[in-house]
Number of protein chains: 2
Amino acid sequence: MRDVFHADLANVSLTEVMHGLSDPLRLRIVDLLARRGETECFAIYSALGISKSNASHHFRVLRECGLLRRLHQGQQQSARLRTDEFEERFPGLLTAVLSNVDDALRADSAESSPVGA
Amino acid sequence: MRDVFHADLANVSLTEVMHGLSDPLRLRIVDLLARRGETECFAIYSALGISKSNASHHFRVLRECGLLRRLHQGQQQSARLRTDEFEERFPGLLTAVLSNVDDALRADSAESSPVGA
DNA sequence: TGGACAGTACAACAGTCGTTGAACCTTTGG
DNA sequence: CCAAAGGTTCAACGACTGTTGTACTGTCCA
């Protein structure tokens, strides 16, 4: 669990980024991270209701396209968006994407206890 | 060659759009269309150096996610970006994507006669 | 009417992707 | 030292995707 690969944003292509964001689950992860800031990995795949392996897979894709950084602080790890670096490499892109995240997509990701309505 | 499917932008999800833009060829098509405006289909897949069937396939994906509209004017047809409609549905998204198209990507798509350099 | 041409539809293939479960590694806590 | 917990890795599977070639549809021109 030591060091995982983190993309050098200079080497990341727009195509890779678009691919990274083309999956609903990953879009939810990114949106969730954007709203919560640094978040524990457990909390993420718990909120999304997916398995550890699956989450780990998507985390990796997101790391490989430079969107996500993993922070390991012992047993429980966390992740955060590389917002500023990403903004330098792809100005305005992440903002534009996040501002267009559908509520339908977001709802599933945020609600672990859908009580209301 | 009569009527092809064009997506109702209201029903298009962000995920579909991101998927539509996650292919380098499609990204080039969109970029090319953005710079040239309405363009003949032949000119597009000629500039990209791909087969008719392949181009038609990508055109369809682009139509299905609401990015492209086909205009049939007889034998030779053309396509154009649904810029304004798309902007209404996904504000700022297309602009942000297009402004981040790498030159490397663009070079291949624009140059049918790579003379310079 | 016929043939050339532009584009689409279909079938087929290889390659990739998302998902799952099991095994593994590392840290934490007894 | 051992066991539990958090994540990653691996192999495997089905599903989807991009590409190609061929057949088909529709249009233009002679």
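Before any of the text, the structure's been laid out above.
Predicted model, so just to flag it, every value in this text is computed and none were measured.

1. Notes on the sheet that holds strand β1 (residues 39-40) of chain B
Residues and elements named next belong to chain B.
Part 1 of the argument: Read from one edge of the open sheet, three strands run β1-β3-β2, paired in antiparallel fashion. If you trace the sheet from one side to the other, it starts and ends with β1 and β2 (68-72), each paired once.
Part 2 of the argument: In the packing of helix α2 (residues 24-36) onto the sheet, contacts are made with β1, β2 and β3 (77-81), and the angle to β3 comes to roughly 90°.

2. Points about the interface of chain B and chain A
Part 1 of the argument: Counting from both sides, the interface comprises 22 residues of chain B and, opposite them, 22 residues of chain A.
Part 2 of the argument: Summed over both sides, the interface of chain B with chain A buries roughly 1600 Å², with 65% coming from carbon and sulfur.
Part 3 of the argument: The largest per-residue losses of area from chain B upon contact with chain A belong to L14, M18 and N100 of chain B, which jointly make up 36% of the total buried on that side.
Part 4 of the argument: Our enumeration of links across chain B and chain A arrives at two salt bridges.
Part 5 of the argument: Linking R89 of chain B and D102 of chain A is a salt bridge whose minimum nitrogen-to-oxygen distance equals 3.6 Å.
Part 6 of the argument: On the surface where chain B and chain A come into contact, there are two residue pairs in polar contact (both at pLDDT 80 or more).
Part 7 of the argument: For the side of chain B that touches chain A, the secondary-structure elements that each account for two or more residues are α1 (14-20), α2 and α6 (93-98) of chain B.
Part 8 of the argument: Here the side of chain B that touches chain A gets four residues from one element, more than from any other, and that element is α1 of chain B.
Part 9 of the argument: Along the lines of polarity and charge, the residues of the side of chain B that touches chain A split into 12 nonpolar, seven polar and three charged.

3. Some points on the relation of the copies chain B and chain A
Part 1 of the argument: For these two chains of identical sequence, chain B goes onto chain A by a turn of 180° and a shift of 0.0 Å along the axis, with RMSD 0.0 Å. Taken together, the rotation and translation relating the two chain copies correspond to the operation of a two-fold axis. Taking C-alpha positions as reference, the residue of chain B nearest the rotation axis is M18 of chain B, located at 2.9 Å.
Part 2 of the argument: A share of 100% of the interface residues of chain B reappears at the interface of chain A, consistent with the copies meeting face to face through the same patch.

The rules behind each value
Residues numbered from 1 in each chain as written. Chains lettered and ligands numbered in written order. Predicted model: local features only at pLDDT ≥ 70, side-chain atom pairs only at ≥ 80, totals over all residues. Heavy atoms only, no water. Pairing = 2+ DSSP bridges. Helix = DSSP H or I, 4+ residues; strand = E, 2+ residues; numbered from the N terminus. Contact = heavy atoms within 4.5 Å. Axes fitted to C-alpha atoms, helices over the stretch in contact; angles between N-to-C directions. Buried area = accessible area lost by both parts, 1.4 Å probe. Salt bridge = Lys/Arg side-chain N within 4 Å of Asp/Glu carboxyl O. Polar contact = N/O pair within 3.5 Å; in protein donor to acceptor, adjacent residues only side chain to side chain. Nonpolar A, V, L, I, M, F, W, Y, C, P; charged D, E, K, R; others polar. Least-squares fit on C-alpha atoms with pLDDT ≥ 70 in both.

Remember that the coordinates give geometry; whether it matters functionally is a separate question.
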